[in-house]
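A closer look at the structure
These are the residues of each chain, in order.
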Amino acid sequence: MASSTLCSFFISHALIILLLYISFPSNNPAAKHTSSASHHYRHHSRSPFQNPKLHQAYTALQAWKRVIYSDPSNITAKWVGPDVCSYAGVYCATPPYDKNIKVVAGIDLNGADIAGFLPEELGLLSDLALIHLNSNRFCGILPQSLANLSLLYELDLSNNRFVGPFPYVVLSLPSLTYLDIRYNEFEGPLPPQLFSKTLDAIFVNNNRFSNVIPSNFVGSSASVVVFANNKLGGCLPPSIANFANTLEELLLTNTSLSGCLPPEVGYLYKLKVLDVSNNNLVGPIPYSLAGLAHLEQLNLAHNKLTGIISMGVCILPNLANFTFSYNFFCEEEGICQNLTSNGIAFDDRRNCLLEKPNQRSKKECEGVLEHPVDCFHYHCGGGSTAIPPTMMPAATPLSSPSMAPGYV
Ligand SMILES: *[C@@H]1O[C@H](CO)[C@@H](O)[C@H](O)[C@H]1NC(C)=O
Ligand SMILES: *[C@@H]1O[C@H](CO)[C@@H](O)[C@H](O)[C@H]1NC(C)=O
Ligand SMILES: *[C@@H]1O[C@H](CO)[C@@H](O)[C@H](O)[C@H]1NC(C)=O
Ligand SMILES: *[C@@H]1O[C@H](CO)[C@@H](O)[C@H](O)[C@H]1NC(C)=O
Ligand SMILES: *[C@@H]1O[C@H](CO)[C@@H](O)[C@H](O)[C@H]1NC(C)=O
């Protein structure tokens, strides 16, 4: 469900950018013939190319074709001759800066199963607004020349075989808004600068990123951030609160997170999806989650969380699915005992809820509950985040959720 909403979100934005490009009067025949730049070029060079940009695009695409080693659908076999706009997977449009020419504005080779590299010559495609290479077998690293793509808006490299450290070159792209590098083999830390760019969507899941989530987020503009299935480790930094004005989906499943959930998660007032499942989180659910009025999906499953399932979360007006199985919760407050009556799908299995079926054994529960976690003094793994003590309330799980700090 989450993935299908992400998909439609992504596709709709791809269409918008193509429409933006295409909406310039590009097929106006008068415009074509009054283009002094292209006319000049054709007249003097007798070039088969309509303009120098298309000539450069030809050079780039032929260089790319030379480093493609497998193309089972023969898509690039027909990348022949000067009419690059007719090449399969290559889209031309009128650029913002000259209404009289056409340039290569998009590459879409999604699902082509092509194996090869990305050559330095791709920097010649300086008008690209989108690159979609989902589900191919491109490998190696990204060429530094991609820094030349000042109009690049969407970069989807998902499900390929790219390797090496985080591709820093993407941080230099001034127009980049959608970055999708999931399902590759990138490794090492995520640079903090990634979160200070004006990106709307950041998908870095299913790589080999390690080290902690950067603790120095400064006012990100992202509405979707998917870190899932990496070995990040450490704690979720309180500075996650800097995403508050935009973040709607935060997916952190299976990222080796430890420590307590910081109360600042509850400051992300636009959140619709929060998934921190399959980690090593301890301590209680912060009361501040009761302030997430837009929250629809909450997944806390497979952690070592303790304390009570408090009413403030169970009565969230938009909550549709509350999954908290495989933890050590020991009490459900009020309506939380019957979420069905509130129209909420839930999974409460394998906790320490005495009244409920499918719970952990008494022995298993006692082992954990005898050692309550002090979030105030908890030290995060990986030497990551120096948590300001004033921001970490001690765990006092029986006070009322309406006392959540900072909520209106
Ligand atoms: C691609 O071309 C090769 C060699 O010409 C041919 O054997 C193969 O059947 C073609 N594949 C497709 C999907 O057209
Ligand atoms: C960047 O783009 C410009 C304009 O298309 C081109 O002349 C130049 O060679 C490109 N640089 C690289 C490194 O590809
Ligand atoms: C969890 O992430 C690791 C990489 O850190 C991956 O190897 C593993 O398959 C993931 N587990 C699931 C259930 O996706
Ligand atoms: C609720 O969310 C969990 C975890 O994402 C999912 O496995 C489950 O299928 C969802 N239940 C419903 C009824 O949507
Ligand atoms: C939960 O509430 C529903 C609807 O209000 C009711 O039918 C059901 O019996 C309740 N279940 C329990 C275990 O109390």
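In the annotation of an unreviewed UniProt entry, the entry for the protein reads Cell wall hydroxyproline-rich glycoprotein, and the organism field reads Corchorus capsularis. Per UniProt, the protein carries the Sequence similarities (unreviewed entry) text "Belongs to the RLP family."

**Structural notes on the overall build of the protein**
Along the protein, the regular secondary structure elements total six helices and 22 strands. Counting over 408 residues, the protein shows a buried share of 46%.

**Quick word on the pairing of strand S6 (residues 137-140)**
Alignment of strand S4 (residues 115-116) against S6, held across two bridges, turns out to be parallel. Residue pairing in the sheet places Gly116 in a bridge with Phe138 of S6. Summarising the sheet, S6 and strand S8 (residues 161-165) pair through two bridges and their orientation is parallel. From the neighbouring strand, Gly140 faces S8, where its bridge partner is Phe162.

**Section: the site of ligand 2**
In the region of ligand 2, the neighbouring residues are Gln56, Gly123, Leu124, Ser126, Ser145 and Asn148. A per-class count over the shell around ligand 2 returns one nonpolar, five polar and no charged.

**Quick notes on the environment of Val212**
Tracing the sequence through the fold places Val212 in the loop between strand S12 (208-209) and strand S13 (224-226). For Val212, a count of 23 C-beta atoms within 10 Å corresponds to the buried category. A sequence separation of 24 residues divides Val212 from Leu236, and the C-alpha atoms of the two residues are 8.3 Å apart.

**Remarks on the sheet that holds strand S15 (residues 258-260)**
With respect to topology, four strands assemble into an open sheet ordered S15-S17-S19-S21, the strand pairing being parallel. One side of each edge strand has no neighbouring strand; the edge strands of this open sheet are S15 and strand S21 (328-332). Neighbour-to-neighbour, the strand axes of the sheet open up by a mean angle of 25°, direction not taken into account. As paired elements, strand S19 (residues 304-309) and S21 share four bridges and run parallel to each other. The partner of Ile309 across the bridge, within S21, is Glu332. Along the sheet, helix H6 (residues 362-369) contacts S19 and S21; its crossing angle with S21, the most-contacted strand, is approximately 100°.

**Some remarks on unusual backbone geometry**
Phi is positive for Asn229, which is not a glycine, with a value near 55°. Note that Asn229 resides in the loop between S13 and strand S14 (249-251). A count of 20 C-beta atoms within 10 Å places Asn229 in the buried class. The backbone phi angle of Asn358 is positive, close to 55°, even though this residue is not glycine. One can find Asn358 in the loop between strand S22 (345-347) and H6.

**Looking at the sheet that holds strand S18 (residues 297-299)**
Pairing is mixed across the open sheet formed by 12 strands, whose spatial order is S2-S3-S5-S7-S9-S11-S13-S14-S16-S18-S20-S22. Here the strands that pair on one side only, and so sit at the sheet edges, are strand S2 (90-93) and S22. Taken pair by pair, the neighbouring strands of this sheet meet at an average axis angle of 10°, ignoring direction. Where S13 meets S14, three bridges bridge the pair, whose relative direction is parallel. Looking across to S14, one finds that Val226 is bridged to Leu251.

Conventions we followed
Residues numbered from 1 in each chain as written. Chains lettered and ligands numbered in written order. Predicted model: local features only at pLDDT ≥ 70, side-chain atom pairs only at ≥ 80, totals over all residues. UniProt positions renumbered as here; feature names shortened; annotations may be inferred. Helix = DSSP H or I, 4+ residues; strand = E, 2+ residues; numbered from the N terminus. Buried ≥ 20, exposed ≤ 12 C-beta atoms within 10 Å, placed from the backbone. Pairing = 2+ DSSP bridges. Near = placed C-beta within 6 Å. Nonpolar A, V, L, I, M, F, W, Y, C, P; charged D, E, K, R; others polar. Axes fitted to C-alpha atoms, helices over the stretch in contact; angles between N-to-C directions. Contact = placed C-beta atoms within 7 Å.

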